[in-house]
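Here are the chains, one letter per residue:
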Amino acid sequence: MKWYEDKIFWYIFTALAAVKLAAFTYICFFHPGGERIFALPDSLGYVYPAQTLLQQGAMWEAVSAAPMLLRTPGYPLFLAFVQLITGSMTWSVALWQNILSLLMLIPVYLSADKLAGRNAARWAVFFCAASVLYFSMAFAVLTETLCAFLLAWFLFFIIRFFQTPRALDLLTSALFLAAAVYVRPAAYYFMPFSALLLLCLAAGKLIRFPWPKILLYFLVPLILIGGGWQVRNFLATGFGGFTSVGAFNLYFWNEDYVARKYGMSVSQAHEAMQAMLPPEFSSLPPAEQVKIYKALAAPLLRESFLYKLSRAPLWAGKTLLGTNFAHTASLLNISPLQAGEEALNHTGTLPAEWQKSPAAVILFLLCAAQVSLTVLLGAAGLWILWKKKPAEAFFLLVYCLYFWGIGSVFSGAYARFRAPFEFVLCITAGVFAAHWLQKRQKA
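Right, let's walk through the structure included here. Note that the structure is a prediction, hence the values are computed from the model and not measured.

So, how was this worked out
- Residues numbered from 1 in each chain as written.
- Predicted model: local features only at pLDDT ≥ 70, side-chain atom pairs only at ≥ 80, totals over all residues.
- Heavy atoms only, no water.
- Helix = DSSP H or I, 4+ residues; strand = E, 2+ residues; numbered from the N terminus.
- Rg over C-alpha atoms; globule rule 2.2 N^0.38 Å.
- Buried < 20%, exposed > 50% of the residue type's maximum accessible area, 1.4 Å probe, protein only.
- Salt bridge = Lys/Arg side-chain N within 4 Å of Asp/Glu carboxyl O.
- 1 Å grid on protein atoms, 1.4 Å probe; cavity = no way out; pocket = protein on both sides within 12 Å on 5 of 7 lines; lining within 4 Å.
- Points joined across faces, edges and corners; volume = space filled by probe spheres on them.
- Nonpolar A, V, L, I, M, F, W, Y, C, P; charged D, E, K, R; others polar.
- Patch = residues over 30% accessible without salt bridge, like charges linked within 9 Å, V, L, I, M, F, W, Y side chains within 5 Å.
- Areas by Shrake-Rupley, 256 points an atom, 1.4 Å probe, with all protein chains shown as cover.
- Expected span 1.5 Å × (residues − 1).
- Bend = angle between axes of the 7 residues up to and from the residue.
- Contact = heavy atoms within 4.5 Å.
- Axes fitted to C-alpha atoms, helices over the stretch in contact; angles between N-to-C directions.
- Parallel < 35°, antiparallel > 145°, perpendicular 65-115°, else oblique.
- Left-handed = near helix turned anticlockwise from the far one by under 90°.
- Phe/Tyr/Trp six-rings, centres within 6.5 Å; stacked < 30°, edge-to-face > 60°.

Notes on the overall build of the protein chain
So, step 1. In terms of regular secondary structure, the protein chain is built from 20 helices and 0 strands.
So, step 2. Taking 2.2 N^0.38 as the reference for a compact globule, 443 residues should give roughly 22 Å; the C-alpha atoms of the protein chain span a radius of gyration of 22 Å, in line with that estimate.
So, step 3. In terms of principal-axis extent, the alpha carbons of the protein chain reach across some 70 × 60 × 50 Å.
So, step 4. In the protein chain, which comprises 443 residues, the proportion classed as buried is 53%.

A short note on the pattern of salt bridges
So, step 1. Applying the stated criterion across every chain yields a total of 10 salt bridges.
So, step 2. For D6, the salt bridge goes to R122, with nearest N and O atoms at 2.9 Å. Here R122 lies in helix 6 (residues 118–129) and D6 lies in the segment before helix 1 (7–29), a separation of 116 residues in the sequence.
So, step 3. Judged by its relative accessible area of 0%, D6 falls in the buried class.
So, step 4. The salt bridge involving K261 is made with E303; its shortest N-O contact spans 2.9 Å. Residue K261 is found in helix 13 (residues 255–262), and its partner E303 is found in helix 15 (residues 286–321); the two are separated by 42 residues along the sequence.
So, step 5. With relative accessibility at 38%, the residue E303 sits in the partly exposed group.

Overview of empty space enclosed by the protein
So, step 1. Applying the stated criterion across every chain, the model contains 4 cavities of 30 Å³ or more.
So, step 2. L16, K20, S101, M104, C128, A129, S131, Y134 and F135 are the residues that line the largest cavity.
So, step 3. Looking at the lining of the largest cavity, the elements with two or more residues in it are helix 1, helix 6 and helix 7 (132–137).
So, step 4. When its residues are assigned to classes, the lining of the largest cavity shows 6 nonpolar, 2 polar and 1 charged.

Looking at a nonpolar patch on the surface
So, step 1. Judged by side-chain polarity, L54, F81, L84, I85, L95, W96, I99 and L103 come together as a nonpolar surface patch covering roughly 710 Å² of accessible area.
So, step 2. If you list the elements that add at least two residues to the nonpolar patch, you get helix 3 (74–86) and helix 4 (91–103).
So, step 3. At 4 residues, helix 4 tops the list of elements feeding residues into the nonpolar patch.
So, step 4. By the secondary structure assignment, L95 is in helix 4.

Some points on the layout of surface pockets
So, step 1. Space inside the second largest pocket adds up to approximately 290 Å³.
So, step 2. Of all the secondary-structure elements, those providing two or more residues to the lining of the second largest pocket are helix 1, helix 6, helix 7 and helix 18 (358–388).
So, step 3. Per-element accounting of the lining of the second largest pocket gives the leading share, 4 residues, to helix 1.
So, step 4. Its residues assigned to classes, the lining of the second largest pocket comprises 12 nonpolar, 2 polar and no charged.

Points about helix 11 (residues 211–237)
So, step 1. The first and last C-alpha atoms of helix 11 sit 37 Å apart over 27 residues, in line with the 39 Å expected at 1.5 Å per residue.
So, step 2. For helix 11, the principal kink sits at L219 and spans about 35 degrees; a proline, P221, occurs within the next four residues.
So, step 3. Considered for burial, the residues of helix 11 that qualify are I214, F218, P221, L222, G226, W229, N233 and T237.
So, step 4. Buried residues along helix 11 sit against helix 8 (144–163), helix 9 (167–183), helix 10 (190–203) and helix 15.
So, step 5. Phi turns positive, to about 85 degrees, at G238, one or two residues after helix 11.

Some remarks on the packing of helix 8 against helix 9
Helix packing for two helices is described by the angle between their axes and how far apart those axes are.
So, step 1. Two elements in contact, helix 8 and helix 9, have axes separated by 8 Å at closest approach and are oriented at 160 degrees. By the angle between their axes, helix 8 is roughly antiparallel relative to helix 9. The hand of the helix 8/helix 9 crossing is left-handed. Facing helix 8, whose interface residues are L146, C147, L150, L151, W153, F154, F157, I158, R160 and F161, helix 9 presents D169, L170, T172, S173, F176, L177, A179, A180 and V183.
So, step 2. Of the residues assigned to the contact of helix 8 with helix 9, the class counts are 15 nonpolar, 2 polar and 2 charged.

Considering the side chain of S194
So, step 1. Secondary-structure assignment places S194 in helix 10.
So, step 2. S194 has contacts with L177, F218 and F395, leaving out every residue within four places of it along the chain.

Here's the deal with the environment of S194
So, step 1. With relative accessibility at 0%, the residue S194 sits in the buried group.
So, step 2. In sequence terms S194 and W153 are 41 residues apart; their C-alpha atoms lie 15 Å from each other.

Observations regarding the packing of aromatic side chains
So, step 1. Inspection of the entire model under this criterion finds 48 aromatic pairs.
So, step 2. Pairing Y182 with W229 gives two aromatic rings, centres 6.5 Å apart and planes at 65 degrees, and the pair type is edge-to-face. With Y182 in helix 9 and W229 in helix 11, this pair connects stretches of sequence that are 47 residues apart.
So, step 3. Ring pairing ties together the aromatic residues F154, F161, F162, F190, F193, F209, F395, Y399, Y402, F403 and F423, which thus form one cluster.

Dropping the structure here:
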């Protein structure tokens with residue numbers, strides 16, 4: 001039976017579509033926050049270059065008088081396209097992102113079906129449809145929904161390649177991974193890392209595919225596509241990197257340590273670090289800005305290493321088990337609209353608003369239960385998959401560990417950084433659910 005003939009898939013798909021439509025209608029016509037609910041602290045960094053692309057034909061940086069370097073072009077292009085065809089960069093973006101989060105159920109179903117059969121696919125779709133994170137992030141002008149959608153298709157074609165090694169599947173997976181990197185540069189270093197994984201699996205005879213073809217159909221397209229934006233950056237600004245966000249983060253991700261050292265809030269530490277930059281910093285050439293960021297970050301990184309190491313388990317726990325409560329509660333008008341750190345990235349262990357009303361307590365407990373169950377069953381499903389299909393399980397495990405690790409390295413680590421790999425946990429949770437039910441039936 002083809003996936004589109006599965007009635008249970010369409011029941012879940014339709015139920016999620018109905019919930020999303022009801023939520024979208026409520027926010028559009030009845031929410032007191034209006035379209036402000038979609039705009040979050042990082043949104044301007046994507047909206048501004050999208051607007052300059054439409055008005056001037058080029059993407060410009062929102063925080064510097066220079067061509068866009070801090071962000072990558074994938075999401076601004078998406079915003080510009082939506083603005084061009086609909087005339088809106090808020091309501092229409094939320095609508096299209098909700099459609100993408102619905103369509104993401106398709107690669108989730110197909111991947112789980114390849115790994116463990118139809119029942120696992122149905123359960124995987126159920127877990128993904130129940131995700132509070134994917135529901136709420138579809139209503140934010142941020143990269144998470146589009147990036148997760150592209151990565152879900154990347155993994156489907158990789159899984160299909162494991163099942164039946166074909167050059168076309170490998171090439172298609174590379175194209176989706178490159179597109180995801182253009183949307184969210186956190187995936188940038190996974191390009192060579194995944195190529196190395198495939199080469200190692202081929203060397204260990206876990207994939208029956210020649211290693212020169214892996215280089216030709218996977219690594220070379222990634223290099224060419226990723227290198228294209230780096231060439232643009234060098235020609236436009238003299239900076240040859242893919243994005244300057246690494247240097248920016250290297251400096252400002254020490255703000256939690258500065259806040260602790262001098263007894264101030266994180267926002268005050270951010271302002272103090274901003275003041276430490278040279279006068280007219282934003283008008284300097286981008287390559288010079290990157291050098292200054294790295295030079296100022298070096299002593300702070302040496303000082304804060306042990307502190308950050310001691311905090312890493314907490315940050316990793318917040319990324320893996322974060323509920324995205326503040327944004328979800330704001331969408332449902334259960335708590336007031338928040339800004340800054342409280343909007344998406346909490347420096348505390350728990351969101352401050354969760355005990356403010358009975359409705360907030362119920363919502364928080366429901367969100368926490370959904371996340372905890374998905375993570376627990378997802379981990380169990382990975383273990384089951386390891387016994388049956390070790391190559392696929394190993395690749396998915398490394399994939400999850402990569403995005404979990406890269407999203408857990410600073411004080412603002414929170415649920416939104418789980419978006420690139422939560423759908424994988426939904427897939428493996430489906431594997432576990434199908435396996436457990438099969439054992440029960442046999443018993």
